[in-house]
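Okay, here's what each chain looks like letter by letter:
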Amino acid sequence: MAAAGTSLVITARAALLDMDGTLVDSRAVVEKLWLRWADQHGLDHDTVLRTVHGRQGHESMAILLPDRSAEENHRENQQMLATESVDTGGIISIGGAAELLDALQELPHALVTSADARLAIARMEAAGLRVPVHRITAEDVTASKPSPEGFLLAAERLGVAPGECVVFEDSQAGVEAGLAAGMPVVGVGAHAAAHGPTCAVEDLTDLRITVEDDGGFTVLLDDGPSAHEVQ
């Protein structure tokens with residue numbers, strides 16, 4: 001939503017933060033492992049990469065290999081998660097992520113990720129980022145994004161109405177999940193605007209958090225080439 005003047009403002013009481021692509025740049029290791037998996041199954045690289053971002057691994061596998069059993073998908077997904085948890089080379093933080101987490105430290109916020117808890121902690125620590133106390137990970141939900149379940153569960157645990165939460169997401173599945181939960185979504189990354197978020201930024205460096213007297217806060221997106229409202 002656009003504020004008067006030259007900046008964009010979203011008002012909220014809780015922030016719900018995706019991890020991969022939003023706080024953590026893990027693209028290199030994610031794509032390396034998934035392309036290795038694609039080669040093992042004779043799948044097209046572009047098709048695999050279009051599918052996997054933002055989803056739990058076993059759900060991506062079910063889409064890509066629809067005739068395979070759920071048990072096999074879960075087994076291979078567990079193997080991949082174990083590998084990802086120790087293969088953290090090259091993982092870095094997204095610009096402005098540490099500052100955003102610092103600004104939210106005394107405000108209601110939660111990590112909402114399709115990774116399991118072990119992988120989430122490993123990647124956040126590899127990127128040098130504080131791990132939020134409140135976390136919704138793969139173990140907590142029955143359906144991954146684009147289902148809104150994770151965001152709705154995070155709002156419930158924080159005691160904040162869904163419409164008073166703001167979501168930070170990069171992937172199409174994540175943006176769709178946040179919007180389906182009835183929450184404004186800040187799209188993060190060069191391609192996020194294409195997924196239809198409320199507004200979009202290239203990274204998190206242009207964000208400012210201002211605490212209000214009623215306990216809520218505003219997210220101010222400084223006007224500039226990296227921040228814009230999505231029409």
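Look a little higher up for the structure.
Residues numbered from 1 in each chain as written. Predicted model: local features only at pLDDT ≥ 70, side-chain atom pairs only at ≥ 80, totals over all residues. Heavy atoms only, no water.

### A short note on empty space enclosed by the protein
Point 1. Under the counting rule described, the total for this entry stands at one cavity of 30 Å³ or more.
Point 2. Here the largest cavity is characterised by a volume of approximately 70 Å³. (1 Å grid on protein atoms, 1.4 Å probe; cavity = no way out; pocket = protein on both sides within 12 Å on 5 of 7 lines; lining within 4 Å. Points joined across faces, edges and corners; volume = space filled by probe spheres on them.)

### Comments concerning the packing of helix H1 (residues 27-40) against helix H2 (residues 45-52)
Point 1. One can describe the packing of H1 onto H2 by two numbers: an axis separation of 10 Å at closest approach and a directional angle of 130 degrees. Relative to H2, the element H1 lies oblique. For the crossing formed where H1 meets H2, the hand is right-handed. For the pair H1 and H2, the contacting residues are Glu 31, Trp 34, Leu 35, Ala 38 and Asp 39 in the first and His 45, Val 48, Leu 49 and Val 52 in the second.
Point 2. Among the residues forming the contact of H1 with H2, the class breakdown is six nonpolar, one polar and two charged. (Axes fitted to C-alpha atoms, helices over the stretch in contact; angles between N-to-C directions. Helix = DSSP H or I, 4+ residues; strand = E, 2+ residues; numbered from the N terminus. Parallel < 35°, antiparallel > 145°, perpendicular 65-115°, else oblique. Left-handed = near helix turned anticlockwise from the far one by under 90°. Contact = heavy atoms within 4.5 Å. Nonpolar A, V, L, I, M, F, W, Y, C, P; charged D, E, K, R; others polar.)

### A look at the packing of aromatic side chains
Point 1. Tallied over the entire structure, the rule returns one aromatic pair.
Point 2. Centre to centre, the rings of Trp 34 and Trp 37 are 5.1 Å apart; their planes meet at 75 degrees, and the pair counts as edge-to-face. Separated by three residues within a single helix, Trp 34 and Trp 37 lie in helix H1, roughly one turn from each other. (Phe/Tyr/Trp six-rings, centres within 6.5 Å; stacked < 30°, edge-to-face > 60°.)

### What about the layout of surface pockets?
Point 1. Taken as a whole, the largest pocket encloses approximately 940 Å³ of empty space.
Point 2. Lining the largest pocket are 49 residues, and of these Val 52, His 53, Gly 54, Asp 170 and Ser 171 lie nearest its centre.
Point 3. With six residues, the top contributor of residues to the lining of the largest pocket is helix H4 (residues 70-86).
Point 4. Residues belonging to the lining of the largest pocket are distributed by class as follows: 16 nonpolar, 18 polar and 15 charged.
Point 5. Quantified by volume, the second largest pocket comes out at close to 180 Å³.
Point 6. Lining the second largest pocket, in full, are Leu 33, Arg 36, Trp 37, Gln 40, Glu 76, Gln 79, Met 80 and Thr 83.
Point 7. Mapped by element, the contributors of at least two residues to the lining of the second largest pocket are H1 and H4.
Point 8. In the lining of the second largest pocket, the residues fall into three nonpolar, three polar and two charged.

### Structural notes on the sheet that holds strand S1 (residues 8-12)
Point 1. Across the sheet, three strands lie side by side as S1-S11-S10; this open sheet has antiparallel pairing. The sheet terminates laterally at S1 and strand S10 (207-211), the two strands that pair on one side only. Direction aside, neighbouring strands of the sheet carry axes that sit 20 degrees apart on average.
Point 2. Examined bridge by bridge, S10 and strand S11 (residues 217-221) share five bridges and lie antiparallel to one another. Following the sheet pairing, Val 211 is matched in S11 by Phe 217. (Pairing = 2+ DSSP bridges.)

### Here we look at the nonpolar core
Point 1. By size, the foremost hydrophobic cluster in this structure holds 47 residues, and its most contacted members are Leu 23, Val 166, Phe 168, Leu 204, Phe 217 and Val 219.
Point 2. Beyond its immediate chain neighbours, meaning those up to four positions away, Phe 168 contacts Ala 15, Leu 16, Leu 17, Asp 18, Thr 22, Leu 100, Val 186, Leu 204, Leu 207 and Val 219.
Point 3. Counting 19 residues, the second largest nonpolar core, distinct from the first, contains Leu 16, Ile 136, Phe 151 and Cys 165. (Core = buried A, V, L, I, M, F, W, Y, C linked by side-chain atoms within 4.5 Å. Buried < 20%, exposed > 50% of the residue type's maximum accessible area, 1.4 Å probe, protein only.)

### A closer look at the packing of H4 against helix H6 (residues 117-126)
Point 1. Closest axis-to-axis distance for the H4/H6 pair is 8 Å, and the angle between their directions is 20 degrees. When the axis of H4 is compared with that of H6, the two are roughly parallel. Considering how the two elements wind past one another, H4 and H6 form a crossing that is left-handed. Across the interface between the two elements, Leu 81, Ala 82, Glu 84 and Ser 85 from H4 touch Arg 118, Leu 119, Ala 122 and Arg 123 from H6.

### Describing unusual backbone geometry
Point 1. The residue after Lys 145, namely Pro 146, is reached through a cis peptide bond having omega 15 degrees.
Point 2. Structurally, Pro 146 can be placed in the loop between strand S6 (135-136) and helix H7 (149-158).

### Observations regarding helix H8 (residues 172-180)
Point 1. Among the residues making up H8, those that are buried are Ala 173, Gly 174, Val 175, Ala 177 and Gly 178.
Point 2. Once H8 finishes, Gly 182 follows within two positions and takes phi at roughly 80 degrees, a positive value.

In short, shape yes, function no, at least from these values alone.
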